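So the chains spell out like this:
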Amino acid sequence: MKLSIKGNEVFASTGGREFDPSGEVILFIHGSGQNHLGFMLQHRFFANRGWPVVTPNFPGHGQSGGDPIQSIEGMADWLIDFMDAAGIASAHCMGHSQGGLVLLELASRYPKRVKSATFVATGLAIPVNDYLIGLAENNEAKAFESMMDWGHGPDGHIHDHTLPGTSHMRFGRQLMASNAPGVLHYDLLACNAYTNGPKAAEQIECPTLCILSGQDSMTPIKAGRALHAALGGEKVEIPHSGHMSITEQPFDVNAAFRTFI
């Protein structure tokens, strides 16, 4: 699906199915340096079970034009513009990593637009080390490689994939390379600058679910547990998953989310 938002063409995946914005919409929010392809195994699962699903690519990501948004708060505001353009009154939302920070802002600032909020491999904040920020600015290919290395648990490193013949880390590197140059750097800076998580969590009233990963080296599980403690709601832990649980352990993620909604 392609839409125009503030003069830029934006692409959003609907899982290969016709999209009905009047239904029980599921909106997926991708993470830093990612795009809709990261949620491919969620799109298809839920779209083929009757749910209208949509994953927009933020500006500069995937097939979306425009300059990257440089703050988490700005990304939340942009999602409202997207929902308006797509005719979505409200949605069940899932945010992965940086997408979880965006969801904190979205659900706290626009409560009528979020029916439920699911946070995957994220926390109240995602501080980023200076080394990775520098890599993203000066050696993007190396940054992609490092993030895929740190972002996967042991199963991902031995390419134990739910899609036979596919490598977790090679898929991830190709996905990140499909974005506009420089996008990852802006995303990481936005994550590093975000400090409003605790206040936003206090203001969220919709049902919440935290899906946490026991082998997450990028957003350690203790950060996810702190998020859950601030939100209340439900929690599922996947002990055998790394940070990229939506591709690494999609069966577990999908089962938890399906039960929740």
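Residues numbered from 1 in each chain as written. Predicted model: local features only at pLDDT ≥ 70, side-chain atom pairs only at ≥ 80, totals over all residues. Heavy atoms only, no water.

### Quick word on helix H10 (residues 221-231)
Restricting attention to buried positions, one finds in H10 the residues Ile221, Gly224, Leu227, His228 and Leu231. Angular distribution of buried residues about the axis of H10 spans 110°; they occupy a single face of the element. Residues Lys222 and Ala229 are exposed on H10 and point more than 90 degrees away from its buried face. Considering only its buried residues, H10 is in contact with helix H3 (98-109), strand E6 (114-120), helix H9 (197-203), strand E7 (208-213) and strand E8 (234-238). (Buried < 20%, exposed > 50% of the residue type's maximum accessible area, 1.4 Å probe, protein only. Helix = DSSP H or I, 4+ residues; strand = E, 2+ residues; numbered from the N terminus. Arc of directions from axis to C-beta. Contact = heavy atoms within 4.5 Å.)

### Focus on helix H12 (residues 250-260)
Those residues of H12 that fall on the buried side of the exposure criterion are Pro250, Val253, Asn254, Ala256, Phe257 and Phe260. The arc that holds the buried residues of H12, viewed along the axis, is 165°, so those residues lie on one side. Turned more than 90 degrees off the buried face of H12, the exposed positions are Phe251 and Thr259.

### Description of the nonpolar core
In terms of nonpolar packing, the biggest core is built from 60 residues, with Phe82, Ile88, Leu103, Leu104, Leu106 and Phe119 touching the most fellow members. Looking at this core element by element, the count peaks at nine residues for helix H2 (residues 72-86). Once residues within four sequence positions are removed from consideration, Leu106 is found in contact with Ile29, Ala76, Leu79, Ile80, Cys93, Pro111 and Val114. (Core = buried A, V, L, I, M, F, W, Y, C linked by side-chain atoms within 4.5 Å.)

### Points about unusual backbone geometry
In the Ramachandran plot, Ser97 falls in the positive-phi region, its phi being about 55° despite a non-glycine side chain. Along the polypeptide, Ser97 turns up in the loop between strand E5 (91-96) and H3. Given the relative accessible area of 10%, Ser97 is considered buried. One non-glycine residue, Ala121, lies in the positive phi region at around 50°. Within the element layout of this structure, Ala121 appears in the loop between E6 and helix H4 (130-138).

### Re the side chain of Ser64
Counting through the fold element by element, Ser64 comes out in the loop between strand E4 (53-56) and H2. When residues no more than four places from it in sequence are discounted, the contact partners of Ser64 are Glu9, Val10, Phe11, Asn57, Phe58 and Pro59.

### Focus on the packing of aromatic side chains
Pairs of aromatic rings are described using the distance from one ring centre to the other and the angle between the two planes. Here the structure, examined in full by the defined rule, presents six aromatic pairs. Residues Phe45 and Phe46 carry aromatic rings whose centres are separated by 4.9 Å and whose planes lie at 70° to one another, so their mutual orientation is edge-to-face. Owing to a relative accessible area of 0%, Phe46 belongs among the buried residues under this scheme. Note on Phe58 and Trp78: the rings are 5.3 Å apart at their centroids and 50° apart in plane angle, and the pair reads as tilted. Highlighted residues: Phe58 in the loop between E4 and H2 and Trp78 in helix H2, separated in sequence by 20 residues. Given the relative accessible area of 3%, Phe58 is considered buried. The exposure class assigned to Trp78 is buried, which follows from its relative accessible area of 8%. Here the aromatic cluster, defined as three or more aromatic residues joined through ring pairs, consists of Phe28, Phe39, Phe45, Phe46 and Phe257. The side chain of Arg49 reaches across the aromatic face of Phe45, ending 3.7 Å from its centre. (Phe/Tyr/Trp six-rings, centres within 6.5 Å; stacked < 30°, edge-to-face > 60°. Lys NZ or Arg CZ within 6 Å of the ring centre and 35° of its normal.)

### Notes on the pattern of salt bridges
Note on pairing: side chains with opposite charge can pair once their charged atoms come close. Scanning the entire structure with this criterion turns up eight salt bridges. Here Asp81 makes a salt bridge to Lys6, at a shortest N to O gap of 3.3 Å. In this pair, Asp81 is assigned in helix H2 and Lys6 in the loop between strand E1 (2-5) and strand E2 (8-13), connecting sequence segments 75 residues apart. A salt bridge links Arg113 to Asp84; the shortest N-O distance between them is 2.9 Å. Of the two residues, Arg113 is situated in the loop between H3 and E6 and Asp84 in helix H2; the sequence distance between them amounts to 29 residues. Residue classification places Arg113 among the buried residues on the basis of a relative accessible area of 16%. A residue is classified by how much of its surface remains accessible, and Asp84, at 47% relative accessible area, is partly exposed. Each member of the salt-bridge network shares a partner with another, and the members are Asp77, Glu105 and Arg109. (Salt bridge = Lys/Arg side-chain N within 4 Å of Asp/Glu carboxyl O.)

### Quick notes on the environment of Pro220
Mapped onto the elements, Pro220 comes out in the loop between E7 and H10. Counting along the chain gives 200 residues from Pro220 to Asp20, while the straight-line C-alpha distance between them is 37 Å.

### Describing the packing of H2 against H3
Where H2 contacts H3, the two axes come as close as 8 Å, and the packing angle between them is 65°. In this structure, H2 crosses over H3, and the sense of that crossing is right-handed. Of H3, the residues touching H2 (which contributes Ile72, Glu73, Met75, Ala76, Asp77, Leu79 and Ile80) are Gln98, Leu101, Val102, Glu105, Leu106 and Arg109. Among the residues making up the contact of H2 with H3, the classes are represented as eight nonpolar, one polar and four charged. (Axes fitted to C-alpha atoms, helices over the stretch in contact; angles between N-to-C directions. Left-handed = near helix turned anticlockwise from the far one by under 90°. Nonpolar A, V, L, I, M, F, W, Y, C, P; charged D, E, K, R; others polar.)

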